[in-house]
Amino acid sequence: MLSMLAPALPAIGAGEATPASATSTPADAATYASSSNTVKAHALVDAAINMTDSDRAVKLLWQATDLDPMLEEAYVYLGLFYNSRSQFEKVVEVYQKLVKYQPKEISAYLNMGEAYMSFTPPKYEAALPYYRKALELDRTSSFAALRMGEIFAQQGNREEAVRYLRLASGDRSKNPNIATEADRMLRQMGPS
């Protein structure tokens, strides 16, 4: 039964690039190894998302991140799994690994911020640097601006809260729901 759950990995040479031979360069060998790992990692992700045994699926997804640390799909499924079980520290762990290999992946920083905001009570201080980094990487991230405004409002820093909420509010055409939420929060804060 277990063999039916394991992914069918392509055999070397079956439709793939030819293995590095004695005449190939080290760069060719590295490229082959990298593409081979990517294929294997995709197969692990595909197998994991079709499993009913979530413990086994999670193991396969972590293996996929080891084989191809750049494969964002594995991290997304891991994040969703841990988030659905309110294991927010594990969500952070997943995305910390992703940013180690893809330090400009904005969604990873947003997801870490959201994980900290999901605690009861929310961990505002822990979330703030991740939203700040997301906004640094994408100055148009109205979601990061909204969350920063919310955090500063919770901390009683009205000036910074208004600054970031106005930034989020200004993105009405691209993100009307975020702009509406920012406007609501600004109204609640009263005139500035």
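Along each chain, residue indices are assigned from 1 in the same order as the chain's sequence is written. The model is predicted, so local features are restricted to residues of pLDDT at least 70 and side-chain atom pairs to those at 80 or more, both for listing and for counting; the totals for chains, interfaces and linings are taken over all residues. The basis for the side-chain values is all heavy atoms of the structure; hydrogens and waters are excluded.

**Focus: the overall build of the protein chain**
No. 1: Helix numbering and strand numbering both begin at the N terminus, where a helix is a DSSP run of H or I of at least 4 residues and a strand a DSSP run of E of at least 2. For the protein chain, the helix and strand inventory stands at 10 helices and zero strands.
No. 2: For the protein chain, the succession of helices and strands along the chain, N to C, is α-α-α-α-α-α-α-α-α-α.
No. 3: Expressed as a percentage of its 192 residues, the buried residues of the protein chain come to 40%.
No. 4: Within the protein chain, residue pairs in contact and separated by at least 24 positions form 45% of the contacts whose partners lie at least 6 positions apart.
No. 5: A total accessible area of about 10800 Å² is found for the protein chain, and carbon and sulfur atoms account for 55% of it. Burial classes follow relative accessibility: with a 1.4 Å probe on protein chains only, a residue under 20% of its type's maximum area counts as buried, one over 50% as exposed, and anything between as partly exposed. Two residues qualify as a contact provided that any one of their heavy atoms is within 4.5 Å of a heavy atom in the partner residue. The accessible surface values rely on the Shrake-Rupley method and a 1.4 Å probe; as for residues, cover is taken only from the protein chains in view.

**Brief notes about the packing of helix 6 (residues 106-117) against helix 8 (residues 142-154)**
No. 1: Between N-to-C directions, angles cover 0 to 180 degrees, with each direction set by a line fitted to C-alpha atoms, over the stretch in contact for helices. Contact pair helix 6 / helix 8: the axes reach a minimum separation of 11 Å and the direction vectors enclose 30 degrees. Relative to helix 8, the element helix 6 lies roughly parallel. When you trace helix 6 past helix 8, the crossing you get is left-handed. Listed contacts from helix 8 to Leu110, Glu114 and Met117 of helix 6 are Phe143, Ala144, Arg147, Glu150 and Ile151. Put simply, angles under 35 degrees are roughly parallel, angles over 145 are roughly antiparallel, angles from 65 to 115 are roughly perpendicular, and the rest are oblique. With the far helix as reference, a near helix turned anticlockwise by less than a right angle produces a left-handed crossing, and one turned clockwise produces a right-handed crossing.

**Observations regarding the packing of aromatic side chains**
No. 1: In summary, the pairing rule links any two rings of Phe, Tyr or Trp, Trp by its six-membered ring, whose centres are within 6.5 Å, and it sorts them by plane angle into stacked for under 30 degrees, edge-to-face for over 60 and tilted for everything else. Inspection of the entire model under this criterion finds six aromatic pairs.
No. 2: Where Tyr116 meets Phe119, the ring centres are 6.0 Å apart and the plane angle is 20 degrees; that geometry is what we call stacked. Like Phe119, Tyr116 is buried.
No. 3: Taken together, the aromatic side chains of Phe88, Tyr116, Phe119 and Tyr130 make up a single cluster linked through ring pairs.
No. 4: A ring is scored as having a charge over it whenever the NZ atom of a lysine or the CZ atom of an arginine sits within 6 Å of its centre and within 35 degrees of its normal. In this structure, Lys123 packs its charged tip against the face of Phe119, placed 4.1 Å from the ring centre.

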